[in-house]
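# Examining the three-dimensional arrangement
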Amino acid sequence: MNFNAGFPGTRMRRMRRDEFSRRLMRESALSVDDLIYPVFVLEGDQRSEKVASMPGVERQSLDRLLHTAERAMTLGIPALALFPVIDRKAKTPGAEESFNPDGLVPRAVIELKKAFPELGIMTDIALDPYTSHGQDGLIAADDPRRYVLNDETLDVLAKQALTHAEAGADVVAPSDMMDGRIGRIRAELDAAKQIHTRILAYSAKYASSYYGPFRDAVGSAGNLGAGNKYTYQMDPANSNEALREVALDLAEGADMVMVKPGLPYLDIVRRVKDEFGVPTFAYQVSGEYAMLKAAAMQGWLDEKACVLESLLAFKRAGADGILTYYALEAAAWLQG
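In what follows, the accompanying structure is described. (Residues numbered from 1 in each chain as written. Predicted model: local features only at pLDDT ≥ 70, side-chain atom pairs only at ≥ 80, totals over all residues. Heavy atoms only, no water.)

## What about the overall build of the protein chain?
When you go through the protein chain residue by residue, the secondary structure sums to twelve helices and twelve strands. The C-alpha atoms of the protein chain give a radius of gyration of 21 Å, which matches the 20 Å a tight globule of 336 residues would have. Dimensions of the protein chain, computed from the C-alpha atoms along their principal axes, are close to 80 × 45 × 40 Å. Scored against the burial criterion, the 336 residues of the protein chain give a buried share of 52%. Once local pairs closer than 6 in sequence are excluded, the contacts in the protein chain between residues at least 24 apart make up 75%. Carbon and sulfur atoms make up 51% of the accessible area of the protein chain, which amounts to about 15800 Å² in all. (Helix = DSSP H or I, 4+ residues; strand = E, 2+ residues; numbered from the N terminus. Rg over C-alpha atoms; globule rule 2.2 N^0.38 Å. Buried < 20%, exposed > 50% of the residue type's maximum accessible area, 1.4 Å probe, protein only. Contact = heavy atoms within 4.5 Å. Areas by Shrake-Rupley, 256 points an atom, 1.4 Å probe, with all protein chains shown as cover.)

Below you can see the structure in the form of C-alpha cells.
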C-alpha cells in the first residue's frame, strides 16, 4: 500500500476524532507564562476611573494598583506594563515630567517592586502622555508643520529610561519609533551601570487606527486632536520595512522586540520570528480588546472562546509573549 497516497489512505480527520490525539498533535500552546498585563496608573488615593471605550478596564491610583498586581501575581502573570495618566497641568512642550524622579511612574515602580519583587515591571518610554501637544517627541516652537524632532527627542527618552531604571523597572519599552533611540538609551543605561535593565523595543509599531481607546485611557487623545503620527510610526502597507527596523534595534542593543498592533499584523510577527529568532512580543491593542468586548457584550461572540483563540493565534504566529488587557481573565480561564 502506498502510504503517501491521498484519500482514502490518508484521512486527516483520524487525528481530530478524539481529544487525546488532538492534544498530542497540537503545535502551539498558550499559557499564563505568555501574558503581560497593561495597566493605567493615575495620581491620588482610592481612585479608579472607568475607560468608557474599554469596558472592564480602569485607570487606578497606586494603592488600588497594588491590589491588581497582587491578583496578577496570584494568577501567575509574569509582568505588568505601566502606562501613566498624567495630570494636564504637568504636560509641557518639553515633556519634563517624563524624567522627574518623583513622578508618577517612578513612584509606582518603587512601590510595586517593594511589594512584589518577583513581579516583572515594564515601563513605557515615550513622551505622548507628557507633552502638551500629544506627540511622542519634541516639536520646535516656530515650526508651522509641527514636525516631531528626532535627535532632540532622544535625549529626553534616554533621561526617561534612566529614571525608570533607577526606580527599579525591570524592562524599559521604547514605543516612540524615533530613529536611534535604542542605542541612545542603551548607552545611557550602561553609563549609569544599569546593565541589567532590559529593553523591549517597539520595533514594528504601525500608524494604526486601532489605538483610539488607549489614547482615551491615558488622556493624550485631546492633546493630539486632529494630529497624527504618520511621520514616525510605520505605514500599515509595509512589511519589509519592519525587518529593517528590527535589525537596527537589535544591533543597537534591544533584548526583545515588539510588533504592534497584534492580530492585524500576525504576518509581521511570523516574519520577525523566522528572520531573527529573538524574543518577539506582540500587543493585542486597545481597539482589538474593545471590538472583542463589545461583540461579547452584545451576545454576538463567545467571549472566552474567542479571546483564547485570538491569543493562541499570537503563539501560532511566533510570539513569545502577548500584552493584552484580557490577561487577568485569560489567566483565570487557562487555570480553570
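## Observations concerning the side chain of H164
Within the secondary structure layout, H164 lies in helix α4 (residues 151-167). The class for H164 is buried, based on a relative accessible area of 1%. Separated by 2.9 Å, the side chains of H164 and T123 make a polar contact. When residues no more than four places from it in sequence are discounted, the contact partners of H164 are S98, V105, P106, V109, T123, D124, I125, A169 and V172. (Polar contact = N/O pair within 3.5 Å; in protein donor to acceptor, adjacent residues only side chain to side chain.)

## Comments concerning the pairing of strand β11 (residues 280-284)
Judged by how many residues are buried, β11 sits mostly within the fold: five of five residues are covered. Side-chain alternation along β11 places T280, A282 and Q284 on one buried face and F281 and Y283 on a second face that is also buried. Where strand β10 (residues 256-260) meets β11, three bridges bridge the pair, whose relative direction is parallel. Bridge assignment links M258 to a residue of β11, and that residue is F281. Between the parallel pair β10 and β11, the chain is carried across by helix α9 (residues 266-276), and the sense of this crossover is right-handed. As paired elements, β11 and strand β12 (residues 321-324) share four bridges and run parallel to each other. Residue pairing in the sheet places Y283 in a bridge with L323 of β12. (Pairing = 2+ DSSP bridges. Right-handed = clockwise from strand over helix to strand, strands pointing away.)

## Here we look at the nonpolar core
Nonpolar side chains tend toward joint burial in soluble globular proteins. Formed by 104 residues in total, the largest nonpolar core has its most connected members in F40, I77 and Y283. Excluding anything up to four places from it in sequence, F40 contacts V57, E58, R59, Q60, F83, V85, F214, A217, V218 and Y325. (Core = buried A, V, L, I, M, F, W, Y, C linked by side-chain atoms within 4.5 Å.)

## A short note on the pattern of salt bridges
Pairing of side chains with opposite charge becomes possible as their charged atoms draw close. Enumeration over the complete set of coordinates arrives at 19 salt bridges. Between K229 and D128 there is a salt bridge, with its nearest N and O atoms 3.2 Å apart. With K229 in the loop between α7 (221-224) and α8 (240-252) and D128 in the loop between β5 (120-125) and β6 (138-139), this residue pair connects regions lying 101 residues apart in the sequence. Note on D128: relative accessible area 6%, which makes it buried. Ionic pairing is found between D274 and R270, a salt bridge with its closest N-O pair at 3.0 Å. One end of the pair is D274 and the other is R270, both in helix α9 and four residues apart, which spans about a single turn. If you follow the salt bridges from partner to partner, you end up with R47, E49 and R59 in one network. (Salt bridge = Lys/Arg side-chain N within 4 Å of Asp/Glu carboxyl O.)

## Points about the pairing of β12
Because side chains alternate across β12, one face comprises the buried residues G321 and L323, and the other comprises I322 and T324, equally buried. In this structure, strand β1 (residues 35-42) lies alongside β12, joined through two bridges in parallel fashion. Along β12, the bridge assignment pairs L35 with I322.

## Considerations on the packing of aromatic side chains
The tally for this structure, following the rule as stated, stands at eight aromatic pairs. For the ring pair F40 and Y325, a centre distance of 5.9 Å and an interplane angle of 15° mean the geometry is stacked. Note that F40 is positioned in strand β1 and Y325 in the loop between β12 and α12 (327-335), a separation of 285 residues in sequence. Here Y326 and W333 contribute two aromatic rings whose centre-to-centre distance is 6.4 Å and whose plane-to-plane angle is 35°, an arrangement assigned as tilted. Accessibility expressed as a relative area gives 0% for Y326, which makes it buried. (Phe/Tyr/Trp six-rings, centres within 6.5 Å; stacked < 30°, edge-to-face > 60°.)

## Here's the deal with the side chain of T131
When you line up the elements, T131 lands in the loop between β5 and β6. A polar contact is formed between the side chain of T131 and the backbone nitrogen of G134, at a distance of 3.1 Å.

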